Amino acid sequence: MKKKTLITSIIISVFLIGIVSASFINYFGKITGSVEVSGPVFYLDGQISTGIYHKLLINELPSETLDVNWSDGQRVVFETVPLNVDHFYKSKFNFIFYAKANASERQIQMNIIKINPDNSQGGQICYSGLVNITSTSNFRDYTLSCISSGPIALNPNQGIAIEIWGTSQNITDIYSISTGDNSRTYGASRIEVTAA
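Treat the numbers as computed from the prediction; the structure is a model and nothing was measured.

A.B. asks: Any details on the pattern of salt bridges? Residues and values, ideally.
C.D. replies: A pair can form between side chains of opposite charge whenever their charged atoms are brought close. Evaluation of the coordinates by the stated rule reveals three salt bridges. With a closest N to O distance of 2.6 Å, Arg-106 and Asp-173 form a salt bridge. One end of the pair, Arg-106, is in strand S7 (residues 106-115); the other, Asp-173, is in the loop between strand S11 (159-166) and strand S12 (174-178), and 67 residues separate them in sequence. We classify Arg-106 as partly exposed; its relative accessible area is 22%. For Asp-173, a relative accessible area of 3% puts it in the buried group. Across the pair Arg-190 and Glu-192 runs a salt bridge whose closest N-O atoms are separated by 2.9 Å. A relative accessible area of 13% places Arg-190 in the buried class. Judged by relative accessible area, which is 29%, Glu-192 ranks as partly exposed.

A.B. asks: Before we move on, could you go through the environment of Gly-46 and cite the residues and values that matter?
C.D. replies: Mapped onto the elements of the fold, Gly-46 is located in strand S1 (residues 41-48). Judged by its relative accessible area of 13%, Gly-46 falls in the buried class. For the pair formed by Gly-46 and Phe-78, sequence separation is 32 residues and the distance between their alpha carbons is 8.4 Å.

A.B. asks: Let's hear about the packing of aromatic side chains: which residues, and what values?
C.D. replies: With the rule as written, the count across this model stands at four aromatic pairs. Seen in terms of ring centroids, Trp-70 and Tyr-175 are 5.6 Å apart; in terms of plane orientation they differ by 20 degrees. Their pairing is stacked. Note that Trp-70 is positioned in strand S3 (residues 67-71) and Tyr-175 in strand S12, a separation of 105 residues in sequence. Aromatic ring contacts, followed pair by pair, group Phe-95, Phe-97 and Tyr-142 into a single cluster. Of note, Lys-100 hangs over the ring of Phe-139, and the distance from its end group to the ring centre comes to 4.8 Å.

A.B. asks: Can you tell me about unusual backbone geometry, naming the residues and giving the values?
C.D. replies: Notably, Glu-105 is not glycine yet its phi reads approximately 55 degrees, a positive angle. Tracing the backbone shows Glu-105 in the loop between strand S6 (91-101) and S7. Phi angles above zero are rare outside glycine, and Asn-119 is one such case at about 75 degrees. Within the secondary structure layout, Asn-119 lies in the loop between S7 and strand S8 (121-133).

Reading the values: rules and limits
Residues numbered from 1 in each chain as written. Predicted model: local features only at pLDDT ≥ 70, side-chain atom pairs only at ≥ 80, totals over all residues. Heavy atoms only, no water. Salt bridge = Lys/Arg side-chain N within 4 Å of Asp/Glu carboxyl O. Helix = DSSP H or I, 4+ residues; strand = E, 2+ residues; numbered from the N terminus. Buried < 20%, exposed > 50% of the residue type's maximum accessible area, 1.4 Å probe, protein only. Phe/Tyr/Trp six-rings, centres within 6.5 Å; stacked < 30°, edge-to-face > 60°. Lys NZ or Arg CZ within 6 Å of the ring centre and 35° of its normal.

Right, here's the structure in full:
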């Protein structure tokens, strides 16, 4: 009988100590911490997605290095699958890529857009401005960036796409982007997204 009383007393004591400890933490202090959230990375893939558009992979390296070529007066588009989200925070899009042209001192620009399931444009997210493509024989690394004007409203069926085009207005100019891979100094061609 004494053993049962002793065990019961110990259990009640442990229970009371737990309640008192919890109330002390609640009264005298707070448990805090920080969490680092990384935005997605979109990798350019030379594989065709739908129609003439190429794949834009989310947090996944392409399986092979492919070069995508287009002439001036055209554009090249890389698109994600539908993102299944209805909004995205205000974002900075950093585009790190490998490019060349068949003539020196050519310029390209990019647009980040919403893309609908039927491949129609769903609205602009941000525009990058121009970058000079100085390399004519070997791929060289370049960067472009843009910031959305605010939080990005999306339809869950929409994806994100990057459209790239040249500005020389000379149809004999050919531009090339290499999807690259991690063996390159700056990794694969990609878009890194961070909160702005």
